[in-house]
Amino acid sequence: MTAHLSQTDILIAGGGLAGLCLAVAIKDALGSGTTVTVADPALAAPPAEDGRASAFAAAACRMFRTLGAWEQVEPEAQPILDMVVTDSRTMDPVRPVFLTFAGEVAPGEPFAWMAPNAVVTRALRARAEALGVTLTAAGVDGFTADTAATTARLTNGQSMTARLLVACDGGRSRLRDMAGIRTVGWDYGQSGIVCTVAHEYEHHGRAEEHFLPAGPFAILPLKGNRSSIVWTEQTERAKRLCALPKPLFLDELETRFGHRLGVIEVVDKPAAYPLGLKVARDFVAARLALVGDAAHVIHPIAGQGINMGFRDVAALAECVAEAMRLGLDPGAPDVLARYQRWRRFDTALMGATTDGLNRLFSNGSTPLRTIRDLGLGLVDRMPALKGFFVRQAAGITGDVPRLLRGEAL
Ligand SMILES: Cc1cc2nc3c(=O)[nH]c(=O)nc-3n(C[C@H](O)[C@H](O)[C@H](O)COP(=O)(O)OP(=O)(O)OC[C@H]3O[C@@H](n4cnc5c(N)ncnc54)[C@H](O)[C@@H]3O)c2cc1C
């Protein structure tokens, strides 16, 4: 058995965006004196080219730049230069614009960028390898924590001891369940249909969010004449839409997309992702921290899911780096308690905000529409409030960890 027992300082279960970024952040801060391992069966293959793309807030891009991962992402990332919000019925011929945001958080720095998830994952993997992070293509199957270390069993038969185990294993986190951490939340009964559209005319970096009765329909600009669609529908209807033959799916899409960008074509296979709210009651347990979707899953209405994950990453990396530089144990209860204090309130607030927005806008009721349109119209006339929302979307409000301010650890 001992032949299969290895050691690492930090073991990260899950090599998605959150897990890889955390590995890079810790290794970049602490260098060769600290060993960091990422274990994930998905590391056996290149990142999935599944057509998913995300809005990365300015703060996340500052962190990528600081960590040396941005250079590889930037050529394939599209800055979001402005955003329009409309509130209408699906068949309305004209969709009145209630809210517009344009803005940079600093000269030449847009509040967010759109990039394919595969591009960012590839860049983070490359950076992790260059820094000497150990990437292991195996899952974590179980673990036992004691006062000095935690011992994890991997699906390749290996066991590994670590001072800190971090669960970055996604919304259905097995590690969270194995630690007995419960979650609060609910399913929305909605799914987000995701696909990529090529269009005739340029989008000029404009993002659009149309609040339709079934839920938000977002058109998010990608590099070139392409946009990423996140289209919310009731789950059963979303499944039926995804199963339609291509021309019929395109008809349904065009009804919502409109003709502003000319002729459109769907360039990949639409896929539907069930949407829900799920927040862990605790973000830590003995020698364990939850990060990213393992700690919280929220509605994509505000494009903040992985951006919250990056706030976890930056906060935990800062707690761990400061502790280890002082020769302290990164898995000690006070280090983990600091991380939990830092992230829990912010997460609850964002969870409640996206939940409230989704309830308010996934609804065709006329009185409710009148009230929300009045609210949107008022925000649109208040530059200071709009400025606040832009800074919020950029991820630079509140107690921002150093990496997200663009400062090295
Ligand atoms: C329709 C939609 C649109 C979205 N748009 C945006 C957006 O615009 N902006 C934004 O910020 N967010 C967005 N999000 C949210 C974002 O996609 C997620 O927050 C993000 O992908 C979560 O990343 P993660 O690394 O925490 O988890 P995941 O991406 O789920 O990665 C988890 C990893 O863990 C691995 N794993 C699982 N079990 C184990 C185990 N036992 N051991 C080891 N490894 C394991 C898996 O193989 C996987 O690689 C959107 C979500 C949806 C559904």
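Look up: the structure comes first, before these words.
Every value quoted in this text rests on a predicted model; they were computed, and no experiment measured them.

Student: Honestly, helix H2 (residues 58-66) in this entry has me stumped. Any pointers?
Tutor: Within an α-helix, residues lying three or four positions from one another point in the same direction, as the helix has 3.6 residues per turn. Taking burial as the measure, the nine residues of H2 include seven buried ones, the bulk of the element. Among the residues making up H2, those that are buried are Ala58, Ala59, Ala60, Cys61, Arg62, Met63 and Phe64. In the segment just after H2, Gly68 is the residue with positive phi, at about 80 degrees.

Student: I would appreciate a short explanation of the site of the ligand in the present structure.
Tutor: Close to the ligand lie 29 residues; Asp40, Arg52, Val140, Asp293 and Ile306 are nearest. One nitrogen or oxygen atom from the main chain of Ala18 is found 3.1 Å from an oxygen atom belonging to the ligand. In the model, an oxygen atom of the ligand is placed 2.9 Å from a nitrogen or oxygen of the Arg52 side chain. In the complex, 81% of the free accessible area of the ligand, which totals 1000 Å², lies under the protein chains. Breaking the shell around the ligand down by element, the ones donating at least two residues are helix H1 (17-30), strand E3 (53-57) and helix H8 (305-325). Among the elements that make up the shell around the ligand, the one with the highest residue count is H8 (three residues).

Student: Which parts of the structure should I look at to understand the side chain of Thr347?
Tutor: By the element assignment, Thr347 lies in helix H9 (residues 333-361). With a relative accessible area of 1%, Thr347 lands in the buried category. From its side chain, Thr347 meets the backbone oxygen of Arg343 in a polar contact 2.6 Å long. Excluding anything up to four places from it in sequence, Thr347 contacts Val279, Phe283, His296 and Met308.

Thresholds, definitions, all that
Residues numbered from 1 in each chain as written. Predicted model: local features only at pLDDT ≥ 70, side-chain atom pairs only at ≥ 80, totals over all residues. Heavy atoms only, no water. Buried < 20%, exposed > 50% of the residue type's maximum accessible area, 1.4 Å probe, protein only. Helix = DSSP H or I, 4+ residues; strand = E, 2+ residues; numbered from the N terminus. Near = heavy atom within 4 Å. Polar contact = N/O pair within 3.5 Å; in protein donor to acceptor, adjacent residues only side chain to side chain. Areas by Shrake-Rupley, 256 points an atom, 1.4 Å probe, with all protein chains shown as cover. Contact = heavy atoms within 4.5 Å.

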